[in-house]
Amino acid sequence: MHRYIIGALSGLLASMMVSLLILIAEAILGYPFGIFYTIIVDALLIDVNDRALVGLMSHLLTGCTIGVIASIPYGYSTLDKSMLYGIIVGVSTWAIIFLPVSYLFVMPFLESNDYTLLHKSGSMVTADELKIQFERIIYSSIGFHLQYGLVYSIISYYAIRRSVYKGVQDLV
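Residues numbered from 1 in each chain as written. Predicted model: local features only at pLDDT ≥ 70, side-chain atom pairs only at ≥ 80, totals over all residues. Heavy atoms only, no water.

Overview of the overall build of the chain
Turning to step 1, where the next piece is worked out: Helices and strands together make up the secondary structure of the chain, namely 5 helices and 2 strands.
Turning to step 2, where the next piece is worked out: When the elements of the chain are put in sequence order from the N terminus, they spell out α-α-α-α-β-β-α.
Turning to step 3, where the next piece is worked out: Going through the 172 residues of the chain one by one, you find that 37% of them count as buried.
Turning to step 4, where the next piece is worked out: Counted over contacts in the chain with a minimum sequence separation of 6, partners at least 24 positions apart contribute 72%.
Turning to step 5, where the next piece is worked out: With an accessible surface of roughly 10000 Å², the chain has 69% of that area assigned to carbon and sulfur atoms. (Helix = DSSP H or I, 4+ residues; strand = E, 2+ residues; numbered from the N terminus. Buried < 20%, exposed > 50% of the residue type's maximum accessible area, 1.4 Å probe, protein only. Contact = heavy atoms within 4.5 Å. Areas by Shrake-Rupley, 256 points an atom, 1.4 Å probe, with all protein chains shown as cover.)

Some remarks on the packing of aromatic side chains
Turning to step 1, where the next piece is worked out: All told, the structure shown has 4 aromatic pairs when counted by the stated rule.
Turning to step 2, where the next piece is worked out: For the pair F36 and Y37, a centre-to-centre distance of 5.0 Å together with 75° between the ring planes defines the contact as edge-to-face.
Turning to step 3, where the next piece is worked out: F36 sits in the partly exposed class, given a relative accessible area of 22%. (Phe/Tyr/Trp six-rings, centres within 6.5 Å; stacked < 30°, edge-to-face > 60°.)

What about the pattern of salt bridges?
Turning to step 1, where the next piece is worked out: Counted under the stated rule, the structure contains 1 salt bridge.
Turning to step 2, where the next piece is worked out: D42 is the partner of R51 in a salt bridge, and the nearest nitrogen-oxygen pair spans 2.8 Å.
Turning to step 3, where the next piece is worked out: The buried category is assigned to D42, whose relative accessible area is 13%. (Salt bridge = Lys/Arg side-chain N within 4 Å of Asp/Glu carboxyl O.)

Regarding the layout of surface pockets
It is the rolling of a water-molecule-sized probe over the atoms that shows where space remains empty.
Turning to step 1, where the next piece is worked out: Within this model, the largest pocket holds a volume of roughly 970 Å³.
Turning to step 2, where the next piece is worked out: Together, 39 residues line the largest pocket, and I22, F36, I40, F98 and I137 are the ones closest to its centre.
Turning to step 3, where the next piece is worked out: At the level of secondary structure, the elements contributing two or more residues to the lining of the largest pocket comprise α1 (2-29), α2 (35-43), α3 (51-71), α4 (79-112) and α5 (127-171).
Turning to step 4, where the next piece is worked out: Considering each element in turn, the lining of the largest pocket owes the most residues, 11 residues, to α5.
Turning to step 5, where the next piece is worked out: Across the lining of the largest pocket, the residue classes break down as 25 nonpolar, 12 polar and 2 charged. (1 Å grid on protein atoms, 1.4 Å probe; cavity = no way out; pocket = protein on both sides within 12 Å on 5 of 7 lines; lining within 4 Å. Points joined across faces, edges and corners; volume = space filled by probe spheres on them. Nonpolar A, V, L, I, M, F, W, Y, C, P; charged D, E, K, R; others polar.)

Observations regarding α4
Every α-helix carries 3.6 residues per turn, so stepping three or four residues along brings you back to the same face.
Turning to step 1, where the next piece is worked out: Its 34 residues place the ends of α4 46 Å apart at the C-alpha level, agreeing with the 50 Å of an ideal helix rising 1.5 Å per residue.
Turning to step 2, where the next piece is worked out: Its axis deflected by about 35° at S102, α4 carries its strongest bend there. (Expected span 1.5 Å × (residues − 1). Bend = angle between axes of the 7 residues up to and from the residue.)

Thoughts on the nonpolar core
Turning to step 1, where the next piece is worked out: Residues I35, I39, V106, L110, Y115, L130 and I138 are the most contacted members of the largest nonpolar core, which totals 18 residues.
Turning to step 2, where the next piece is worked out: Taken together, the elements giving at least two residues each to this core come down to α2, α4 and α5.
Turning to step 3, where the next piece is worked out: Looking at this core element by element, the count peaks at 7 residues for α4.
Turning to step 4, where the next piece is worked out: Residues I66, Y148, V151 and Y157 belong to the second largest nonpolar core, which totals 13 residues. (Core = buried A, V, L, I, M, F, W, Y, C linked by side-chain atoms within 4.5 Å.)

A look at the packing of α1 against α3
Turning to step 1, where the next piece is worked out: Axis separation between α1 and α3 bottoms out at 7 Å; the angle between their running directions is 140°. On the basis of the axis angle, α1 is oblique to α3. Considering only the axes of α1 and α3, their crossing is right-handed. Residue-level inspection shows R3, Y4, G7, A8, G11, L12, S15, M16, V18, S19 and I22 of α1 in contact with α3, the latter providing L56, H59, L60, G63, C64, G67, V68 and S71. (Axes fitted to C-alpha atoms, helices over the stretch in contact; angles between N-to-C directions. Parallel < 35°, antiparallel > 145°, perpendicular 65-115°, else oblique. Left-handed = near helix turned anticlockwise from the far one by under 90°.)

Digging into unusual backbone geometry
Turning to step 1, where the next piece is worked out: The phi angle at L45 is positive, at roughly 60°, despite the residue not being glycine.
Turning to step 2, where the next piece is worked out: With respect to the helices and strands, the residue L45 is situated in the loop between α2 and α3.

A look at the environment of G75
Turning to step 1, where the next piece is worked out: Tracing the chain through its elements places G75 in the loop between α3 and α4.
Turning to step 2, where the next piece is worked out: Its relative accessible area of 58% is what places G75 among the exposed residues.
Turning to step 3, where the next piece is worked out: With 85 residues separating them along the chain, G75 and I160 place their C-alpha atoms 8.8 Å apart.

A short note on the confidence of the model for the chain
Turning to step 1, where the next piece is worked out: Per-residue confidence for the chain gives a mean pLDDT of 85, with 89% of residues at or over 70.
Turning to step 2, where the next piece is worked out: Under a pLDDT of 50 for its full length, residues 168-172 has, in the predicted model, 0 contacts with residues more than four places off or in other chains. (pLDDT = per-residue confidence, 0-100.)

Pasting the structure below:
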């Protein structure tokens, strides 16, 4: 059970870090705060008032869940092996979760709707503009998923090492 708690916390922290990077990227691009999360919630047809917050919470819950699942086979003795495992987790998450959600839900949603969001400058961000950005977002997002996997694996590695070391000290 201990391993799963470490996995959940590592996944949550890694997901929080990626969420921060997403929000920073949105700010740099001049997009409305939480546009990524808002579009995901809208594409999944979830009807709530604060779509960005619900999207963010869903993202964090997903990261936490992936952390638990990834902790099942986790057991690497070196940081290098742990980081390699994290890269595999990140790429797998991108391929198994992000790409299907993007191509099965988000892109069809953008193509079938006259979708607009208010831009920071006061102008509108349209579905057409988002479709143009879609491929760049798809392929650049692999970096966010690699970041998730690396952060997850480093936190897990040190947390597991610390708990094992503490357990050995308790026995002595």
